[in-house]
Amino acid sequence: MVKWLKETHSFTHGFANLLAHKTFKSDAGSASDHDELIQSQYKAKGAFFTRPR
């Protein structure tokens with residue numbers, strides 16, 4: 001989708017990327033559980049995550 005938006009409509013990469021993420025609801029703002037989003041982010045990098053209390 002990003003490539004198509006850039007080639008067909010001359011979108012910048014950043015704007016095409018934003019639009020693609022919003023369309024597929026894969027952006028951070030579309031996450032229903034922000035705590036899970038943060039845990040997944042750090043789990044993928046192999047880091048140990050603890051939430052401050």
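These remarks concern the structure in this document. All figures in this text were calculated on a predicted structure; none of them were measured in a lab.

Turning to the overall build of the protein, a few remarks are in order. Of the regular secondary structure elements, the protein holds 3 helices and 0 strands. Taking all 53 residues of the protein together, 9% fall into the buried category. Accessible surface for the protein amounts to roughly 4,700 Å². Of this, 56% is attributable to carbon and sulfur atoms.

Turning our attention to unusual backbone geometry. Although it is not a glycine, S10 adopts a positive phi angle of roughly 55°. Checked against the element boundaries, S10 lands in the loop between α1 (2-9) and α2 (13-23). A relative accessible area of 63% means that S10 is categorised as exposed. Even without a glycine there, the phi angle at K25 is positive, about 50°. As for its position among the elements, K25 is in the loop between α2 and α3 (34-44).

Attention now goes to a nonpolar patch on the surface. Side chains of M1, F15, L18, L19 and F24 sit close together on the surface and give an oily, nonpolar patch of about 490 Å² of accessible area. Assignment of secondary structure puts F24 in the loop between α2 and α3. Take F24: its relative accessible area is 59%, and that puts it in the exposed class.

Definitions and limits used
Residues numbered from 1 in each chain as written. Predicted model: local features only at pLDDT ≥ 70, side-chain atom pairs only at ≥ 80, totals over all residues. Heavy atoms only, no water. Helix = DSSP H or I, 4+ residues; strand = E, 2+ residues; numbered from the N terminus. Buried < 20%, exposed > 50% of the residue type's maximum accessible area, 1.4 Å probe, protein only. Areas by Shrake-Rupley, 256 points an atom, 1.4 Å probe, with all protein chains shown as cover. Patch = residues over 30% accessible without salt bridge, like charges linked within 9 Å, V, L, I, M, F, W, Y side chains within 5 Å. Salt bridge = Lys/Arg side-chain N within 4 Å of Asp/Glu carboxyl O.

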